[in-house]
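Coordinates in review
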Amino acid sequence: MENKKISSAVVKRLPRYYRYLSELLENGIDRISSQELSKKMKVTASQIRQDFNNFGGFGQQGYGYNVSFLHDEIGKILGLEHNYNVIIIGAGNLGQALANYSGFVKRGFRISGIFDINPMVVGKEINGIKVLPVENLEAFTREQPVHIAALTLPKDQASKIAGRLAELEVKAFWNFASTDLNLPEHVVVENVHLAESLMRLSYKLSEKNG
């Protein structure tokens, strides 16, 4: 399975499976069929089975899926058995919102540092974390590992900061800046372009309205 190429569509659905299974566990449900999961996911039962077959199946005929087991297995596929140190570059409104979101810690993502270039922001605390100047990045990464950098800064600064962090051996970027990053192939980038997402929503709305 290690060498099998999983489609991006399947990967995109995995966090949704994980979220729905988390809700089922919270509601005390210990078993679910692909048909029942289909209604929640709005994906066909056949597609669900195909998705899970990429990783070995997980289900039992006549029983369905054990919710706790499936939840744990998908968590492992998503790498959630690891703990990750995350830094945020840019302490504006979006950076502050990310720093204050409590759901990250439950999934193993710990906000370990926040950085900004604005002297009016540097030194302030956000959710108990003091905002540091970007000049401190090198010293910070020497003191503790940084696994993921969330970029919530203007696009004209993002590429330069990302390159600097890649040189400091940060291997993954959560990019909210509206620009594409030119980084080495071994670096993982997840782009979250909010304006593009809103434009896709606008397209769907226009399509529905004829």
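For the structure itself, consult the block above.
For every chain, the first residue of the written sequence is number 1, and numbering continues from 1 along that sequence. For this predicted model, a pLDDT threshold of at least 70 governs which residues receive local features, and a threshold of 80 or more governs which side-chain atom pairs are given and counted, while totals over whole chains, interfaces and linings are taken from all residues. Hydrogen atoms and water are omitted, and side-chain values are computed over all heavy atoms in the structure.

Centres within 6.5 Å are what make two rings of Phe, Tyr or Trp a pair, Trp counting through its six-membered ring; a difference in plane orientation under 30 degrees is then read as stacked, over 60 as edge-to-face, and the rest as tilted. What the rule picks out here adds up to nine aromatic pairs. Look at Tyr17 and Phe52: their rings are 4.8 Å apart centre to centre, the planes differ by 55 degrees, and that puts the pair in the tilted class. Taken as a pair, Tyr17 in helix H1 (residues 8–26) and Phe52 in helix H3 (residues 45–53) lie far apart in primary sequence, 35 residues in all. Taken as a pair, Tyr17 and Phe52 share a single burial class, namely buried. One aromatic cluster is present, built from ring pairs that chain together Tyr17, Phe52, Phe58, Tyr65 and Phe69. Cation placement over rings: the criterion is NZ of Lys or CZ of Arg within 6 Å of the ring centroid and within 35° of the ring normal. Sitting over the face of the ring of Tyr20, Arg19 holds its NZ or CZ atom 5.1 Å from the ring centroid. Each helix is a run of H or I in the DSSP string that is no shorter than four residues. Each strand is a run of E no shorter than two, and both are numbered from the N terminus. Exposure classes here rest on a 1.4 Å probe applied to the protein chains alone. A residue is buried below 20% of its type maximum, exposed above 50%, and partly exposed in between.

Between its first and last C-alpha atoms helix H8 (residues 155–167) spans 19 Å; for 13 residues at 1.5 Å apiece the expected length is 18 Å, and the two agree. Along H8, the positions that sit buried rather than exposed are Ala158, Ile161, Ala162, Leu165 and Ala166. Taken around the axis of H8, the buried residues stretch over an arc of 135 degrees, which confines them to a single face. Exposed residues on H8 whose side chains face more than 90 degrees from its buried face are Asp156, Lys160 and Glu167. What makes two residues a contact is simply this: any of their non-hydrogen atoms within 4.5 Å. Each element contacted by the buried residues of H8 is listed here: strand E3 (84–89), helix H7 (137–143), strand E7 (148–151) and strand E8 (172–175). Positive phi appears at Glu169, one or two residues downstream of H8, with a value of about 70 degrees. To estimate the expected span of a helix, count its residues, drop one, and scale the result by 1.5 Å. Taking the helix axis as origin, the arc is that swept by the directions to the C-beta atoms.

Take it as geometry only, folks, not as evidence of what the structure does.
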